[in-house]
Amino acid sequence: MLKQRIITGLIALGILLFVLFVLPANAAKASIGLLILGGAWEWTSFLKSDSPVARGLFMLVITGCILAVGAAPASVTHAVLLAALGWWLAALGWTFFFPTSIPGALRWLCGVAVLVPLFVALVELYASGPQYLLCALFVVWAADVGAFFFGKQFGRVKLAPAISPGKTWEGVVGGLFVVGIVAAVFAMILDVPAAVLVPFSLAAAALSIVGDLTVSMFKRTAGVKDSGALFPGHGGVLDRIDSVAAAAPLFVLGLGWLGITA
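Structural notes, computed from the coordinates. As the structure is a prediction and not an experimental result, all values here were calculated from the model. (Residues numbered from 1 in each chain as written. Predicted model: local features only at pLDDT ≥ 70, side-chain atom pairs only at ≥ 80, totals over all residues. Heavy atoms only, no water.)

### With respect to the overall build of the protein
Helix and strand content of the protein: 9 helices and 2 strands. Along its sequence from the N terminus, the protein presents helices and strands in the succession α-α-α-α-α-α-β-β-α-α-α. Expected size for 262 residues packed as a compact globule is a radius of gyration near 18 Å; at 18 Å, the protein falls within 12% of this value. Its C-alpha atoms give the protein principal-axis dimensions of about 50 × 50 × 35 Å. Buried residues in the protein amount to 47% of all 262 residues. For the protein, restricting intrachain contacts to residue pairs at least 6 apart in sequence, the fraction spanning at least 24 positions comes to 75%. (Helix = DSSP H or I, 4+ residues; strand = E, 2+ residues; numbered from the N terminus. Rg over C-alpha atoms; globule rule 2.2 N^0.38 Å. Buried < 20%, exposed > 50% of the residue type's maximum accessible area, 1.4 Å probe, protein only. Contact = heavy atoms within 4.5 Å.)

In structure tokens:
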């Protein structure tokens, strides 16, 4: 399983680097849109309906929202990112009360709240410079990989047993430790003070855990382990972008607040 995860991860990284640094800007942004639509299709399995009409309608809603925010002025996209930050903070509170019932309408709204701001954030990071998008992704991945290995080795105290029994507080600490190292490396690459980027990256990584747990709530409610099987050893699109969905809006806003990007 670990070998499969590594091979899949390396292939995905190669594709990502091609998209970010080789493809023209419009093609790269279209690729981001397709990734979000892949996540949207998987989200339809969380809806309280197996009707093809409902699933198709949800896809149309997400597509329409992506097209709308893609053509919106900066003031609108900034508001979307602020709203997303508020949503993820609310989702953090929600995780303390799970298991709870999730009405059908709320499943639709949460899907929009997860996927549409993620599209905005990824495009904004790419527009600021592919290196910033790569930094954000590596921070989230570092938290995930560190948590996996430290949790396997030292994990004892469960983080959220009702949502994701495999996650532990030891894994969280280990993940944040790895994030600190990765952020320090990117601070040199981006020519940004490590004293600024490292604490900020730790905050974004902590919020990424909320994204993982939130999507896990929907998977658990729907009775599925993985959202899909597109990435062997890793699951589906949502399994790969759930943490990014929570961290990316904060990353965009934070880089601007800190004066790192315009």
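Right, picking up where we left off after that structure.
### Re the pattern of salt bridges
Evaluated as defined, the whole model comprises 3 salt bridges. Taking the shortest distance from any N to any O, the salt bridge between Lys-167 and Asp-212 comes out at 3.4 Å. On the criterion of sequence distance, the pair formed by Lys-167 in strand β2 (residues 164-168) and Asp-212 in helix α8 (residues 194-222) is long-range, its members being 45 residues apart. With relative accessibility at 12%, the residue Asp-212 sits in the buried group. For Asp-239, the salt bridge identified is with Lys-219, shortest N-O distance 2.6 Å. Separated by 20 residues along the polypeptide, Asp-239 in helix α9 (residues 237-257) and Lys-219 in helix α8 bring together distant segments of the chain. Judged by relative accessible area, which is 8%, Asp-239 ranks as buried. (Salt bridge = Lys/Arg side-chain N within 4 Å of Asp/Glu carboxyl O.)

### A word on the packing of helix α6 (residues 130-154) against α8
It is the contact of α6 with α8, at a shortest axis distance of 9 Å, that shows an interaxial angle of 60°. The angle between α6 and α8 falls in the class oblique. Crossing angle aside, the handedness with which α6 passes α8 is right-handed. Note on element contacts: α8 touches α6 through Leu-197, Ser-201, Ala-205 and Ser-208, opposite Cys-135, Val-139, Val-140 and Ala-143. (Axes fitted to C-alpha atoms, helices over the stretch in contact; angles between N-to-C directions. Parallel < 35°, antiparallel > 145°, perpendicular 65-115°, else oblique. Left-handed = near helix turned anticlockwise from the far one by under 90°.)

### Quick word on the environment of Leu-57
Residue placement: Leu-57 occurs in helix α3 (residues 52-70). Along the chain, Leu-57 and Ser-75 lie 18 residues apart, while their C-alpha atoms are 28 Å from each other.

### Examining unusual backbone geometry
Cis rather than trans, the peptide bond between Phe-98 and Pro-99 has omega equal to 10°. Mapped onto the elements, Pro-99 comes out in the loop between α4 (74-95) and α5 (104-128).

### With respect to the packing of aromatic side chains
The geometry of two aromatic rings is summed up by the distance between their centres and the angle between their planes. In the structure shown here, the tally under the stated rule is 12 aromatic pairs. Seen in terms of ring centroids, Phe-58 and Trp-108 are 5.5 Å apart; in terms of plane orientation they differ by 80°. Their pairing is edge-to-face. Of this pair, Phe-58 sits in helix α3 while Trp-108 sits in helix α5; the two residues are 50 residues apart in sequence, bridging distant segments of the chain. A residue is classified by how much of its surface remains accessible, and Phe-58, at 0% relative accessible area, is buried. Classification of Trp-108 by relative accessible area gives partly exposed; the value is 23%. Ring pairing ties together the aromatic residues Trp-43, Phe-46, Trp-94 and Phe-218, which thus form one cluster. For the cation-ring pair, Arg-55 lies above Trp-41, with the distance from its terminal atom to the ring centre recorded as 4.5 Å. (Phe/Tyr/Trp six-rings, centres within 6.5 Å; stacked < 30°, edge-to-face > 60°. Lys NZ or Arg CZ within 6 Å of the ring centre and 35° of its normal.)

Note that every value here comes from positions in space, so none of it alone points to a role or purpose.
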